[in-house]
Amino acid sequence: MSLYDIPLRTLSGEPTSLADFKGRAVLVVNVASKCGLTPQYAGLERLQEQYGERGLTVLGVPCNQFGGQEPGTAEEIGTFCSATYGVTFPLLEKTEVNGENRHPLYAELTRTADAGGEAGDIQWNFEKFLLSPQGEVAARIRPRTEPDAPEVVALIEANLPA
C-alpha cells in the first residue's frame, strides 16, 4: 500500500489523504499542545513559511498518547495552534500513533529507521517523518531534534521538488 492510499481526516473531520500533497515534500509530525516540546510549533511554522512556496507541506497530527498532552477537542486544538503559534499548516484529526489502535499511516511510517538505524514505536510527541515528493519516507527525525535544526533543513532542501 502506498502512503498516498491511506485514508486520513482533517482536524475538522473532512476526508483527505497524502495524495493531496503528491509532488510536494511533506513533514509529518505528531504534535501536542501541552508538552515540553510544544514550542516546536514555532519552528514548524517557520519551515512552512520558508519552504511552502518551494514545495514543502508541514502536516501536524495531534496525538494524546504521551502523558495525555493533547486532551483537547478538535476545535480547542485548532484554536490553540492558530492563536498561540500562528499555525497555517494543515492538521489532521487526533490520531493514535502507537499500540493496537495505531493509525495505518503510522503503521507504515514506524517501519522506517531513524539515523541511528532504529525503527519501531514513536518515542514521544514531535517525532518527524520527511516524505519525498514521490511519497516515500526520506527521513525519520526523533522528537528532541528541533524542526529547523541544520540537519533537518538540509534534509528538507534535498527533498524539495525540482
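Above: the structure in question.
One numbering rule holds for all chains: residues counted from 1, following each sequence as written. Reporting in this predicted model follows two pLDDT cut-offs: at least 70 for local features of residues, and 80 or more for side-chain atom pairs to be given and counted; totals over whole chains, interfaces and linings ignore these cut-offs and use all residues. Side-chain metrics rest on all non-hydrogen atoms present in the structure, leaving aside hydrogens and water.

### Some details on the pairing of strand β6 (residues 137-141)
Going by this rule: At least two bridges found by DSSP between two strands are what make those strands a pair. Numbering goes from the N terminus for both helices and strands, where a helix is a DSSP run of H or I of at least four residues and a strand is a run of E of at least two.
The pairing of strand β5 (residues 128-131) with β6 spans four bridges and is antiparallel. Looking at the pairing, Leu131 lines up with Val137 of β6. The antiparallel pairing of β5 with β6 creates a hairpin that spans five residues between the two strands, and Gly135 there sits at a positive phi of about 85 degrees.

### A word on the sheet that holds β6
Defined as follows: The angle between two axes is taken between their N-to-C directions and runs from 0 to 180 degrees, where each axis is a line fitted to C-alpha atoms and a helix contributes only its stretch in contact. Any two residues whose heavy atoms approach within 4.5 Å at even a single point are treated as in contact.
Pairing is mixed in the open sheet, where four strands are placed in the order β4-β3-β5-β6. Every other strand in the sheet has two partners, leaving β4 (56-62) and β6 as the edge strands with one partner each. Averaged over all pairs of adjacent strands, the angle between strand axes in this sheet comes to 20 degrees, irrespective of strand direction. In this structure, strand β3 (residues 25-31) lies alongside β4, joined through seven bridges in parallel fashion. What sits directly across from Val31, in β4, is Pro62. Across the sheet, helix α1 (residues 40-51) is in contact with β3, β4 and β5; its angle to β4 comes to roughly 150 degrees. Packed on one face of the sheet, helix α4 (residues 150-159) meets β3, β4, β5 and β6 and runs near 170 degrees to β6.

### Some remarks on the side chain of Asn98
To be explicit about the condition: The definition of a polar contact used here is a pair of N or O atoms within 3.5 Å, where within protein one atom must be able to donate a hydrogen and the other to accept one, and adjacent residues in sequence count solely through side-chain atom pairs.
Counting through the fold element by element, Asn98 comes out in the loop between α2 (74-85) and α3 (104-109). Within the structure, the side chain of Asn98 is placed 3.4 Å from the side chain of Arg102, a separation counted as a polar contact.

### Concerning the layout of surface pockets
Heads up, the rule is: In the cavity and pocket records, a cavity denotes points on a 1 Å grid over the protein atoms alone where a 1.4 Å probe fits but cannot get out, a pocket denotes an open set with protein on both sides within 12 Å along at least 5 of 7 lines, and lining residues are residues with an atom within 4 Å of a point. Grid points are joined across faces, edges and corners, and a volume is the space filled by probe spheres set on the points. By the convention adopted, Pro, Cys, Tyr, Trp, Phe, Met, Ile, Leu, Val and Ala count as nonpolar, Lys, Arg, Asp and Glu as charged, and the other residues, Gly among them, as polar.
By volume, the largest pocket amounts to about 150 Å³. In terms of lining residues, the largest pocket is bounded by Ala113, Asp114, Ala115, Ala139, Arg140, Ile141, Arg142, Thr145, Glu151 and Leu155. For the lining of the largest pocket, the elements supplying multiple residues, two or more each, are β6 and α4. Sorting elements by how many residues they give to the lining of the largest pocket places β6 first, with three residues. Taken together, the residues of the lining of the largest pocket break down into five nonpolar, one polar and four charged.

### Focus: the pattern of salt bridges
As a reminder, the rule being used: Salt bridge criterion: a side-chain nitrogen from Lys or Arg within 4 Å of a carboxyl oxygen from Asp or Glu. Working definition: with a 1.4 Å probe on protein chains only, accessible area under 20% of the residue-type maximum means buried, over 50% means exposed, and in between means partly exposed.
Inspection of every chain in the model, using the stated rule, returns six salt bridges. Arg111 serves as the salt-bridge partner of Glu108, at 3.5 Å between the closest nitrogen and oxygen. A salt bridge links Arg142 to Glu127, with the nearest nitrogen and oxygen atoms 2.7 Å apart. Here Glu127 lies in the loop between α3 and β5 and Arg142 lies in the loop between β6 and α4, a separation of 15 residues in the sequence. Of the two residues, Arg142 and Glu127, both sit in the buried class. Shared partners join several salt bridges into a network, and the residues in it are Asp114, Glu127, Arg140 and Arg142.

### Some thoughts on the side chain of Asn125
Mapped onto the fold, Asn125 is located in the loop between α3 and β5. Only 2.8 Å separates the side chain of Asn125 from the side chain of Gln69, close enough to count as a polar contact. If we ignore the near neighbours within four places in the chain, the residues touching Asn125 are Asn30, Val31, Ala32, Cys35, Leu37, Cys63, Phe66, Gln69 and Pro143.

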